Amino acid sequence: MKNTSRRMMALTATAAAATLALAACGNGDGDGLDDPPPVPGQEDEGNGDENGDANGDGGTLAELQEAGSISVGFAGEEPYSYTDDSGELTGATIALHREVFASMGIETVEGTEVDWDALIPGLNAGRFDAVSAGMSILPERCEQASFSNPEIMYTTAFMVPEGNPNDLHDMQDVQEAGVTFAAMNGAVEESYAQALGIDLMTVNTPQDGMDAVVSGRADVYALTGISLRAMAERTTPTSRSR
């Protein structure tokens, strides 16, 4: 990444209440959309799937089992799902879903990379069969796709310039400081900023968010702590996390 050595980065986790987020929707109990929205900072994540038949009786699952392969949409977010330097599809959710799909009789997982905000639209348009990404389970997303049981509990974090010059530790700090906040298009962090009336810059990829902070176009970039730490360690070996 260009010019990264000029301006080192630090990570700071948001201070949010530790509560459970939504249970998986499409689970047949009919109450998934009645739960309160998740608290910014800690969310459950699952993989989106357009096949609502949990028992696997016919339909999409049977077709995938017959074919022996499944196509998943991913957004290139490390360490969840991305392509490595050799072009191989890899990541934590990819590894998990390979095991899950293999247990269902589907041995091959192929990937289609799209922007984050194109994951669910791409699923519903039939570009791929499922989504393999660190995607928060939210009511509005449950209206568009079925989700698996929660797979990951994560903490949202901030990427800020070294030294955290604006002293940003949570969304309230960002709101009070009047700084520019970067988030991925369609990501849950975007909705946090919109709800609080924060000066928002949307980006298409995780790298775009880091670039925005490095260049000074944004004062803070929010994403899952897992992803930001992976980016900082890969891009700037001297980065600090906190």
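Positions within a chain are numbered from 1, following the residues in the order the chain's sequence is written. Selection of residues for local features in this predicted model requires a pLDDT of at least 70, selection of side-chain atom pairs for listing and counting requires 80 or more, and totals for whole chains, interfaces and linings are taken over all residues. Note that water and hydrogens are dropped before the side-chain values are worked out from all heavy atoms of the structure.

Q: Would you mind going over the pairing of strand 4 (residues 69-74) in detail, with residue names and values included?
A: The element strand 4 is largely enclosed, with a buried count of five among its six residues. In this sheet, strand 7 (residues 108-113) lies alongside strand 4 in parallel orientation, the contact comprising six bridges. The residue of strand 7 that forms the bridge with Ser69 is Thr108. The pairing of strand 4 with strand 8 (residues 130-131) spans two bridges and is parallel. In the strand pairing of strand 8, Val72 is matched with Ala130. Per-residue accessibility, obtained with a 1.4 Å probe over protein chains only, is compared with the maximum for each type, and a residue is labelled buried under 20%, exposed over 50%, and partly exposed between these values. Only DSSP runs of H or I covering at least 4 residues are called helices, and only runs of E covering at least 2 are called strands; the numbering of each starts at the N terminus. Think of it this way: DSSP has to see at least two bridges between two strands before they count as a pair.

Q: Which residues make up the layout of surface pockets, and what values do they have?
A: Buried and open spaces are told apart on a 1 Å grid over the protein atoms alone, a cavity being a set of points where a 1.4 Å probe fits but cannot get out and a pocket being an open set with protein on both sides within 12 Å along at least five of seven lines. Residues with an atom within 4 Å of a point are the lining residues. Grid points are joined across faces, edges and corners, and a volume is the space filled by probe spheres set on the points. Size it by volume and the second largest pocket reaches roughly 200 Å³. Residue lining of the second largest pocket: 15 residues in total, with Trp116, Ile120, Arg141, Gln144 and Gly186 positioned closest to the centre. Mapped onto the lining of the second largest pocket, the elements with two or more residues apiece are helix 3 (119-124), helix 4 (139-142) and helix 6 (188-196). Partitioning the lining of the second largest pocket into residue classes produces eight nonpolar, three polar and four charged. Residues are grouped as follows: Ala, Val, Leu, Ile, Met, Phe, Trp, Tyr, Cys and Pro are nonpolar; Asp, Glu, Lys and Arg are charged; all remaining types, including Gly, are polar.

Q: Any chance you could break down the packing of helix 7 (residues 206-215) against helix 8 (residues 225-235) for me, citing the residues and the numbers?
A: It is the contact of helix 7 with helix 8, at a shortest axis distance of 11 Å, that shows an interaxial angle of 65 degrees. It follows that helix 7 is roughly perpendicular to helix 8 by the angle criterion. Pair helix 7 / helix 8 crosses with right-handed handedness. Every residue of helix 8 that contacts helix 7 at Pro206, Gln207 and Met210 is listed here: Met231, Ala232, Arg234 and Thr235. Of the residues assigned to the contact of helix 7 with helix 8, the class counts are four nonpolar, two polar and one charged. Between N-to-C directions, angles span 0 to 180 degrees; the directions come from axes that are lines fitted to C-alpha atoms, helices contributing only their stretch in contact. What sets the label is the angle itself: under 35 degrees gives roughly parallel, over 145 gives roughly antiparallel, 65 to 115 gives roughly perpendicular, and the rest give oblique. With the far helix as reference, a near helix turned anticlockwise by less than a right angle produces a left-handed crossing, and one turned clockwise produces a right-handed crossing. The criterion used for residue contact is that any of the two residues' heavy atoms lie within 4.5 Å.

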